[in-house]
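Analysis of the macromolecular model
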Amino acid sequence: IAAVSIYGETPSENLLLMALALALHAFDILTNFCNELLDSGHLNTMILFTECALNLSETFLLLWIVQQSSFLWVSLICLLSINFLSFNVKFKDDEKIWVRIMAYLILCVCCGAQYEFMQQHARLTAYAIFLLLAMLVDVADFPDRCFSLSVCDALWSFFRSVGFYMLLTQTCLSSEQSFTTYESFVWSFFN
């Protein structure tokens, strides 16, 4: 749905960045799905790498949207992400909450630093809310730990996907548009 939403509405020079971020998200979801389907845990380390790439792509896209993507920010974010990834890989078998929080730290700091800009755009606010929900599900293992269910990874993927859709489609909309062409087409069936 995200690919259809951005394809016709995005200038070609911006399409490459969005297509790369969308491909990273698709690969991450596929990795999580295969790990759950095989139920062997062989892809647990790979999930940490895809999650780091996911966080980097969303951070770069967010900085690009708010026009704060300078060389210094990009370099600092890459350096910090690699260090946070190394902590995640080192403590992957331990139940350390602070290590999981570090995976989201860069995104949370970027969202917090751009709070006023994000507050003016409903899609960016929705992105921040879905990111927070995904972080809480991932860090606290909320449904799985309390109710002996196995839905944590599915909820995480759903929250991150919807949040990413909101972030990605924000780039397509002009100031006077509320919906993408695809969303308007879908909504026309309900009116």
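Each value, and the rule that gives it
Residues numbered from 1 in each chain as written. Predicted model: local features only at pLDDT ≥ 70, side-chain atom pairs only at ≥ 80, totals over all residues. Heavy atoms only, no water. Helix = DSSP H or I, 4+ residues; strand = E, 2+ residues; numbered from the N terminus. Buried < 20%, exposed > 50% of the residue type's maximum accessible area, 1.4 Å probe, protein only. Contact = heavy atoms within 4.5 Å. Expected span 1.5 Å × (residues − 1). Core = buried A, V, L, I, M, F, W, Y, C linked by side-chain atoms within 4.5 Å. Axes fitted to C-alpha atoms, helices over the stretch in contact; angles between N-to-C directions. Parallel < 35°, antiparallel > 145°, perpendicular 65-115°, else oblique. Left-handed = near helix turned anticlockwise from the far one by under 90°. Nonpolar A, V, L, I, M, F, W, Y, C, P; charged D, E, K, R; others polar. Salt bridge = Lys/Arg side-chain N within 4 Å of Asp/Glu carboxyl O. Phe/Tyr/Trp six-rings, centres within 6.5 Å; stacked < 30°, edge-to-face > 60°. pLDDT = per-residue confidence, 0-100.

Moving on: the environment of tryptophan 156. Topologically, tryptophan 156 is positioned in helix H9 (residues 152-170). We classify tryptophan 156 as buried; its relative accessible area is 6%. With residues up to four places along the chain from it excluded, the contact list for tryptophan 156 reads Asp28, Asn32, Glu51, Leu54, Tyr104, Ala134, Val137 and Asp138.

It is worth spelling out helix H7 (residues 122-140) at this point. Given 3.6 residues per helical turn, the α-helix brings residues three or four places apart onto the same face. Across its 19 residues, H7 extends 27 Å between first and last C-alpha, which sits within 8% of the 27 Å expected from 1.5 Å per residue. Restricting attention to buried positions, one finds in H7 the residues Arg123, Leu124, Ala126, Tyr127, Phe130, Leu131, Ala134, Met135, Val137, Asp138 and Val139. In this fold, the buried residues of H7 make contact with helix H3 (44-65), helix H5 (97-113), helix H6 (115-119), helix H8 (142-147), H9 and helix H10 (181-188). Phi turns positive one or two residues past the end of H7, at aspartate 141, with a value near 45°.

On to the nonpolar core, then. If you look at the biggest cluster of nonpolar residues, it comprises 39 residues, and the most contacted ones within it are Leu62, Tyr104, Tyr127 and Leu167. Only helix H2 (12-38), H3, helix H4 (71-90), H5, H7 and H9 provide two or more residues apiece to this core. Not counting chain neighbours up to four residues away, the residues in contact with leucine 167 comprise Glu58, Leu61, Leu62, Ile65, Leu124 and Tyr127.

At a closest axis distance of 13 Å, the pairing of H3 and H7 adopts a crossing angle of 160°. Of the possible angle classes, the one that applies to H3 and H7 is roughly antiparallel. In this structure, H3 crosses over H7, and the sense of that crossing is left-handed. Within the contact between the two elements, H3 uses Glu51, Glu58, Leu62 and Ile65 and H7 uses Leu124, Tyr127, Leu131 and Asp138. Class assignment for the residues of the contact of H3 with H7 results in 5 nonpolar, no polar and 3 charged.

On to the pattern of salt bridges, then. Oppositely charged side chains can form a pair if their charged atoms are brought close together. Throughout the structure, instances matching the rule amount to 4 salt bridges. Between arginine 100 and glutamate 51 there is a salt bridge, with the nearest N and O atoms lying 2.7 Å from each other. Here the residue arginine 100 occupies a position in helix H5, and glutamate 51 occupies one in helix H3, the gap between them amounting to 49 residues. In this structure, arginine 100 and glutamate 51 share a single accessibility class: buried. Between arginine 100 and aspartate 138 there is a salt bridge, with the nearest N and O atoms lying 2.4 Å from each other. Within this pair, whereas arginine 100 is found in helix H5, its partner aspartate 138 is found in helix H7, the two being separated by 38 residues in sequence. Each member of the pair, arginine 100 as well as aspartate 138, carries the same accessibility label: buried. A network of salt bridges, in which partner residues are shared, links Glu51, Arg100 and Asp138.

Our focus in this paragraph is the packing of aromatic side chains. For any pair of aromatic rings, the description rests on two quantities: the centre-to-centre distance and the angle between the ring planes. According to the stated counting rule, one finds 8 aromatic pairs in the structure shown. Centroid distance phenylalanine 158 to phenylalanine 159: 5.9 Å. Interplanar angle 55°. Geometry classified as tilted. What links up through ring pairs into an aromatic cluster is the set Phe87, Phe91 and Trp98.

The predicted model of the protein chain averages 85 in pLDDT, with 93% of residues at 70 or higher. Between the elements of the protein chain, mean pLDDT differs from a low of 68, seen in helix H1 (residues 2-7), to a high of 91, seen in H7.

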